Amino acid sequence: MTDGVGDAEYIELHTASAFSFLAAASQPEALAERAQQLNMPALALADRNGLYGIARFHTMAKKCGIRAHIGAEIAVNSFGSQLTPPSWLPHQFPAAPPRLLLLCASQAGYQNLCQLITRFKMREASKAEGAATLDDLEEFSAGLICLTGGDEGPLAATLAREGSAAARKHANRLASIYGRGNLYLELQRHHQREEECRNQSLLSLAGSLNLPVIATNGVRYATETDREILDVLTSIHHHTSLDRAGRLLSYNDARELRPAAHMAALFAYLPEAIANTRIVSDRLEFTLDNLGYEFPHAPVPDGDTMDSFLEKRVAEGVLKRYGSPAKRHLLAKARAQVAHELKLIAKLGFAGYFLIVWEVVRYCQQHGILAQGRGSAANSAVCYALEITAVDPVGMELLFERFLNENRGEWPDIDLDLPSGDQREQVIQHVYERYGQLGAAMTANVISYRGRSAAREVGKALGFDDDQLARLSGLVGHWEWRGENDTMARNFQQAGFDARHPRIAKYLDLCMRMQNLPRHLGQHSGGMVICAGMLNRVVPLERASMPGRTVIQWDKEDCADLGLIKVDLLGLGMMAVLKDCIEIIPTHYKQEIDLATLPEDPVVYQTLCKADTVGMFQVESRAQMASIPHNAPTRFYDLVVQVAIIRPGPIVGKMMHPYMRRRQGKEEVTYAHPSLEPVLKRTLGVPLFQEQLLRMAMTVASFTGAEAEELRRAVGMRRSMQRMKDLEGRLRDGMTRNGIGPEAQDNIVQGISSFAMYGFPESHAASFALIAYASAYLKVHYLAAFTCGLLNNQPMGFYSPAVLIKDAQRHGLRVRPICVQHSHWLCTLEPASGNLNLPGTLGAPGPSPLGTRASTNSQQPAEATLSLRIGLNYIKGLRQSSAAAILESRNHAGVFASIDDLAQRVPTLNRKELVALASAGALKALGEVAHRRDALWQVEQAGRPVGPLLRSAAPTSSAATPLRAMTTDERLAADYAGTGITTGPHPMAYQRESLRQQGILSAQDLETRTGTPHVRIAGRVICRQRPGTAKGFVFLSLEDETGIANIILTPDAFEQNRLVVTRTRFLIVAGKLQNQDGVVHVKAHTLTPLSAPTAGPDQARNFH
Amino acid sequence: MDRRLCMGTIGEPSMKQELYACITAAEFPAQALLRLRTDLESEPVAVLEGRAPLETVCSLNRPARLKGAALHMTRLEAEGIQDLRLLPRSEETETAARAALLECAAHFSPRIEDVSRGTACACVLDIAGTERLFGPPQTLAERLRASLASAGFRTSIAVSANFHTARLKAAATRGITVIPRQQESAALSKLPLSGLGLDAEPAETFAIWGIQTLGELAELPEIDLITRLGLQAAEWRSLALGALPHTFQPIEAEFALKEFCAFDTPVEQSDSLLFVAARMIDCLVARASTRAFALASLVLHMELEGGRVYRRVIRPATPTIDRKFLLKLLHLEIAAHPPQAAILLVALTAEAGQSSKVQLGLFAPQMPEPSRLDVTIARLKAIAGEDRVGSPVLEDTHRPGSFHLESFVVADSASALQAERPHLALRRVRPALPVRVELRDLKPVAFHDNQRRFKVAAAYGPWKTSGCWWSADGWNTEEWDVLAETTAGSVACLLVRNHQLSKNGRSVWQLEAYYD
């Protein structure tokens, strides 16, 4: 590296980052850092056809103290195609339009660049690169400086193919578009002969046209070693291997960010080319600090401003929310609160945003779509009054400042939970319709290389075969916790790769270096940016892969960094379940249900206290089950705490155990200072929520809400040590003024520091707790409807359908198997009376499907009259159109008489589908079907019908099937293989007698076990977890016919049994029984595969 | 093969009844390697196949299996097993072992059919009518197995009147099994269905039907089975019943074109050798001609005094029966590579090929006779080497000077030559001339080629290229176009600095070419 006055003369103006997607190899941050190392005062980032990386670049450049110039390489299809090697040289270059480099000199230039990119991207019918036309360039030329590009530019190709006359024509055309002062002929020197020849031609052109020249290096990576990454990305981009990529790969490694002195030496013969970089850099006044984004405007009636209109709607809402006798006592307080909030909203100019979200919620209400705001918005009484959120912030004394405060740069962020699936899409499309294609778009999601994808794609580039790659990607761990042994090198070793071999070592090295590089742009699950018609001037928009969707080129962090407001329209599976329940319950239970007015029911809390929570929202996880009995919730706020406490934050912040001990009366409730009692009383003196941090600062140090929020952010992000020190000083000063002693001050500061980073917003917890309570209530009172909803909205939640069904059966629900005569596409409820096909009655009789716990549970009267019929959608390989044809034929001409009748009436059913139906037992109710194998025997003939000519000559089959009926094991295997579930007895039920003889206990036995702590237990692994907060401990859930047993493995025990733990479906676990206040665990020391059951779902759900 | 209905018991001597003995040597890659290595007999051994570093276990012996080794393990996994010996798979060894096994079997019957599958080596012997020679089937099987064991093979043998029954039984059982007539079905009934080697779809259907053994398959009604699974199902059922007939396809005696001559006294003159070789070529051509073949290649193998071996391969461009031409090629080859000692023994092996025929067109342009062009090319190849004659074709790589040779083809028209061409010609120095270069400010100012000193008047560069960084075959070079001056005048040349070939940390400079 060199320093010196001369160095600063050169500014690199042509740099692409990895956000050129497979065309460059360094992150924008790495480029900015490298520029700082090289003492370059500014750097321009210009990615291919987009501004994908500029937000990160801008943020990092600020940190590095360099100026971030913004630009893009724009493909133009009016100049023929890009330069390729001459025809006599073998090569694989595809035709591509040449690219110009456009740099933003002013805000108008930036807005033009965004519009230009949006114009040609949106011209495409689907997600595509696209290219601009000369007309586009002309329309959006103001404020932009154009560089003609290197070998990817139009002049390089034209000079090589058509000569200097044609190149002169193109240069003149560009000069007429951008103006002579804004067009620079670009010279690059990468130690290639052809390039020198081109440079001579360009110089001659520049002289004759009186155009300035400029030096750039066409940077594709920060340092020369990254050339390897670029070559790998090139291979991936062209779907070939490095060995076969040939001339597509880099010629040499000269496209790094070069020191200014190096560039100056290279262009020593042409100092003006270097000097011009400085001149252009000085002209590039635009930075992202000056984005020009304005808050969206909401349409309001004449005579109203957005503020007045919002005020009126809020006033109506307050009356509606707090007008009832039960809440009337809060009315005055609520009015005061909304007045405070409205004042701030008006001051910050956010009324339009609230009205836009309100409009979305109103649309949902009008169309019967459940919608509920979550996140910090639930702190706002305005949001509650507008029915955006469902949590009463006044009643719960939530802190508004956590949501919004006066500080510059604080934007409101409202997330709406919607039922996942079609209804969410309906709402998204409504937003598009209302605000126009250029007024709203989804935020992007940058898909980056991770362990598995890097291993696979780099392996392909290096020429490894599919088997080897599959073996490796299967082993690259996705556990959240990564122990010392969970390195990429270890994964390679386990996959049988010898990391000592040079090629494997290179493979490993490349995989590590590829981590986090962007792969392509996806769309965020629900984030929408709304800008009322002008979004395309703020950020380029493009088509998403999904029809009818557009996406901006930034992800949600970028949006937050640059101050774009977004609304998250998130799909929540449980919302869809709740919606299903609202529809099912009136039909089958003859009762109306209103989720907003569910009563606080002791039975529901008793169920929660028993950790009987499979399927319930947010409280069904293994860790929740282990802690909920300690918390023993008896009211809604307990549930709010419960939802919040099993999070990485409270666990890492060591808040969970003190709270639980205090909750159980094992520890005295104390406060760091008596003045904090009102703030922390609800959580027994233990700070759990971010709002409490704010209130603590406001109470002890007289901070304003905004200051307190600033403190939370500063402590939480730990970005600026100086800022934190200042704030801590102010906090201590405030406490001193309030007469708090040094010791108490230390305690408070310590308390704030330790949990600020991890605390959870109380409002968010409350929003989730509402849904959690609703799910618990529905499960307890409307089990059939709830289970039906769960099964129809998979995948969701923590457990597989197989586990959900077994749990429902243990609670007394009759689950009927799939039947071609009765099943619909989705699961449905049926009256329990009539011809019941009880599970387990096919062939050999089996144990009761209800298990032993069923008798102990109070069975709801409704469940006695209802049963759940599994839908045809659970049959693997059955097309929905075929199922629709079955239903249509059944509705039209009644039930099917036989398998032949089915095959003839539903000719769209192919042989494979018939076999799938037969194998799953869905044909057993058809006439002349003795058992499942009989159906399989019959469908093989029905699936291969004899042609009409030979039908009479066809041999008559013998009446009885020669196949024996399936054994229990075979039937289970067929169930799981064909549907992933079984409605019959649990596989472990068949082993119970034998297991009992061996002294192996059931899950239910553990609860009542006394005496010796050493036990053995067996079951099916339904869940494996290695949480990031658990220091390498692994948690397994073993299910049997009586319930679910919890197993804990120490890191050592896991290492010793790694293969058994990760690959075996049925386990015998020996270990020490631990029963802490009703929470039962087995601390395993020995794990052995249980070989007896031959069936089981393919895999457990693994959470990481 | 006469397929008359066989009645009576298997022990009855009869010339008219079919009788087969199947030999199966499982884990043949391992057996082939271990049969001559008695020191490894009781050691755990696994055989690896595949290209490094992606080798996997393809075969292993019993001790290895007991140690925990398994098929398809990678080398690294196998290396993790203590005391496990890993050997690379050797096709030559397996071919030799297979030949030894067949030779052993041939002592018991000349009619042998190869039925090898996967990594097992298996063959079926037609032993009908051998009772008088070798005794009853049980005795024959015991003698056969003992004979194979003495040759170093562990085998299982099944004897049956049905070809496929013998084959299936031998593959699935150990030791010797003699299946009495009419008992084929019973003998096969317990064998797993997988022995039939069915495709995935029927195998899946049988699995879901619960049909796991051949016996269960045999019990299914034939017509119902055919209506469900097609006519192939009848064949599978017959196989399971031990009733599927078979047309025996014995291995034919190998047609080998080989001549051999050992001299009484060592021969030092190549003329004497050519005299013998001419006679040998005549014989080979005559034998090949009787089967309408020509000679595609000749392998000359000679043993020389002092124990050395001389081996050359002559491959004419097209198979030929032109004795003179072949002798000329042989002569050229020996002249180009004279043996370094007196010759004790000469063997000439030929590979048969189809003789080439060319249809000449009435209006075709006058061209050299293709055979003459071939002869010329063959002569050139004989002189220059197989891969050094042809048309040069550039490769798709940035590697400087990278090309390969492809066979000459006559261009359809001259248009192909009209394509864009580079304008500058280089006169390449082959091999490149090592030079010592004096640098100033990293630019060459002079160089020496051990004879002369060139002063660099002008230097343009460096032109840098590098690639193949992921393999040992990478390159990283820097080129300079220089105008060099000597007392004799000036010359434009290309200097190359090869960073990859650096010795003692210093790059190697070479004079690569002169500009014309």
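Keep in mind that this is a model prediction, so the values were computed, not measured. (Residues numbered from 1 in each chain as written. Chains lettered and ligands numbered in written order. Predicted model: local features only at pLDDT ≥ 70, side-chain atom pairs only at ≥ 80, totals over all residues. Heavy atoms only, no water.)

Student: Explain the overall build of chain A to me, using residue names and the numbers behind them.
Tutor: Helix and strand counts for chain A stand at 45 helices and 23 strands. Buried residues in chain A amount to 60% of all 1104 residues. By sequence separation, contacts in chain A at least 24 residues apart represent 75% of the contacts at least 6 residues apart. Looking at chain A as shown, the accessible area adds up to about 42400 Å², and 52% of this sits on carbon and sulfur atoms. (Helix = DSSP H or I, 4+ residues; strand = E, 2+ residues; numbered from the N terminus. Buried < 20%, exposed > 50% of the residue type's maximum accessible area, 1.4 Å probe, protein only. Contact = heavy atoms within 4.5 Å. Areas by Shrake-Rupley, 256 points an atom, 1.4 Å probe, with all protein chains shown as cover.)

Student: Which residues make up the nonpolar core, and what are the values?
Tutor: Residues and elements named next belong to chain A. Within the largest apolar cluster, 144 residues are counted, with the highest numbers of intra-cluster contacts made by Tyr 110, Leu 137, Phe 354, Trp 554 and Leu 564. Per-element accounting of this core gives the leading share, 11 residues, to helix H14 (residues 351-366). For Tyr 110, the residues in contact, after removing those within four places along its chain, are Leu 51, Ile 54, Ile 70, Cys 104, Phe 286, Leu 288, Leu 291, Arg 537, Val 538, Val 539 and Trp 554. Within the second largest apolar cluster, 137 residues are counted, among which are Ile 771, Leu 783, Ile 899 and Tyr 976. (Core = buried A, V, L, I, M, F, W, Y, C linked by side-chain atoms within 4.5 Å.)

Student: Which residues make up the interface of chain B and chain A, and what values do they have?
Tutor: Contact with chain B, which involves 46 residues of that partner, is made by 60 residues of chain A. Roughly 4500 Å² is buried in total at the junction of chain B and chain A, and carbon and sulfur atoms are behind 56% of that figure. Considering only the surface of chain B that becomes buried against chain A, Arg228(B), Trp469(B) and Trp470(B) emerge as the three largest contributors, covering 20% of it. The interface formed by chain B and chain A contains four salt bridges. Among the ionic pairs, Glu201(B) bridges to Arg911(A), the shortest N-O distance being 3.2 Å. On inspection of chain B and its partner chain A, the count reaches 23 residue pairs in polar contact (both at pLDDT 80 or more). Of all the secondary-structure elements, those providing two or more residues to the side of chain B that touches chain A are helix H3 (75-79), helix H9 (200-209), helix H11 (222-229), strand S18 (453-467) and strand S19 (475-486) of chain B. (Buried area = accessible area lost by both parts, 1.4 Å probe. Salt bridge = Lys/Arg side-chain N within 4 Å of Asp/Glu carboxyl O. Polar contact = N/O pair within 3.5 Å; in protein donor to acceptor, adjacent residues only side chain to side chain.)

Student: Tell me what's going on with the confidence of the model for chain A, and back it up with residues and numbers.
Tutor: Residues and elements named next belong to chain A. Scored by pLDDT, chain A comes out at a mean of 85, with 89% of its residues at no less than 70. Across chain A, strand S1 (residues 12-15) holds the top mean pLDDT of 97, while strand S23 (residues 1101-1103) sits lowest at 50. Note that pLDDT drops below 50 for residues 1-7; the model gives that stretch 11 contacts with residues more than four away or on any other chain. Of the regions scoring below 50 in pLDDT, residues 834-860 engages in 47 contacts with residues more than four places distant in sequence or in other chains. (pLDDT = per-residue confidence, 0-100.)

Student: I'd love a proper account of the sheet that holds strand S5 (residues 144-147) of chain A, names of residues and values included.
Tutor: All names here are of chain A. The seven strands are arranged S1-S2-S3-S4-S5-S6-S7 in an open sheet whose pairing can be described as mixed. At either margin of the open sheet sits one strand with a lone partner, and together these are S1 and strand S7 (213-215). Strand-to-strand twist of the sheet, defined as the mean angle between neighbouring strand axes without regard to direction, takes the value 30 degrees. With two bridges connecting them, S1 and strand S2 (residues 42-48) associate as parallel partners. Counterpart to Glu 12 in the pairing with S2 is Leu 43. (Pairing = 2+ DSSP bridges. Axes fitted to C-alpha atoms, helices over the stretch in contact; angles between N-to-C directions.)

Student: Can you explain the side chain of Glu479(B)? Please cite residues and give values.
Tutor: Looking at the element boundaries, Glu479(B) is found in strand S19. There is a polar contact of 2.8 Å between the side chain of Glu479(B) and the side chain of Arg193(A). Ignoring sequence-local partners within four residues, the contact set of Glu479(B) consists of Arg193(A), Pro400(B), Tyr460(B), Gly461(B), Pro462(B), Trp463(B), Leu494(B), Leu495(B) and Val496(B).

Student: Any chance you could break down the pattern of salt bridges for me, citing the residues and the numbers?
Tutor: All names here are of chain A. Scanning all chains against the criterion turns up 72 salt bridges over all chains. Salt-bridge contacts for Asp 555 lead to Arg 56; the nearest nitrogen and oxygen are separated by 3.5 Å. Of this pair, Asp 555 sits in strand S13 (residues 550-555) while Arg 56 sits in helix H2 (residues 54-64); the two residues are 499 residues apart in sequence, bridging distant segments of the chain. On the basis of relative accessibility, which here comes to 8%, the residue Asp 555 falls in the buried class. In this structure, Asp 807 engages Arg 810 in a salt bridge whose closest nitrogen and oxygen atoms are separated by 3.9 Å. One end of the pair, Asp 807, and the other, Arg 810, are both in helix H35 (residues 801-810), three residues apart, so they sit about a helical turn from each other. The residues Asp 807 and Arg 810 share a single accessibility class, namely buried. Residues participating in the shared-partner salt-bridge network are Arg 119, Arg 123, Asp 136 and Glu 139.

Student: Break down the packing of helix H40 (residues 932-942) of chain A against H9(B) for me, with residues and values.
Tutor: Between H40(A) and H9(B), the least distance of the axes is 9 Å, while the angle of their chain directions is 145 degrees. The residues of H9(B) that touch H40(A), namely those facing Arg933(A), Leu936(A), Trp937(A) and Glu940(A), are Thr205(B), Ala207(B), Ile208(B) and Trp209(B). Counted by class, the contact of H40(A) with H9(B) contains five nonpolar, one polar and two charged residues. (Nonpolar A, V, L, I, M, F, W, Y, C, P; charged D, E, K, R; others polar.)

Student: How would you sum up the packing of aromatic side chains? Please name residues and give values.
Tutor: We describe a pair of aromatic rings using the distance from one ring centre to the other and the angle between the two ring planes. One pass over the structure, following the stated rule, counts 26 aromatic pairs over all chains. With centroids separated by 6.4 Å and ring planes inclined at 15 degrees, the aromatic side chains of Phe267(A) and Tyr269(A) adopt a geometry described as stacked. Looking at Phe267(A), the relative accessible area reads 1%, which means it is buried. On the numbers, 5.8 Å between centres and 15 degrees between planes, the contact of Tyr20(B) with Phe248(B) is stacked. Residue Tyr20(B) is found in strand S1 (residues 20-25), and its partner Phe248(B) is found in the loop between helix H12 (232-241) and strand S9 (257-267); the two are separated by 228 residues along the sequence. Pair check on accessibility: Tyr20(B) and Phe248(B) agree, each one buried. A connected cluster of aromatic rings, assembled from ring pairs, spans Tyr353(A), Phe354(A), Phe400(A) and Phe403(A). The aromatic ring of Phe309(A) is capped on one face by Arg313(A), whose charged end is 4.5 Å from the ring centroid. (Phe/Tyr/Trp six-rings, centres within 6.5 Å; stacked < 30°, edge-to-face > 60°. Lys NZ or Arg CZ within 6 Å of the ring centre and 35° of its normal.)

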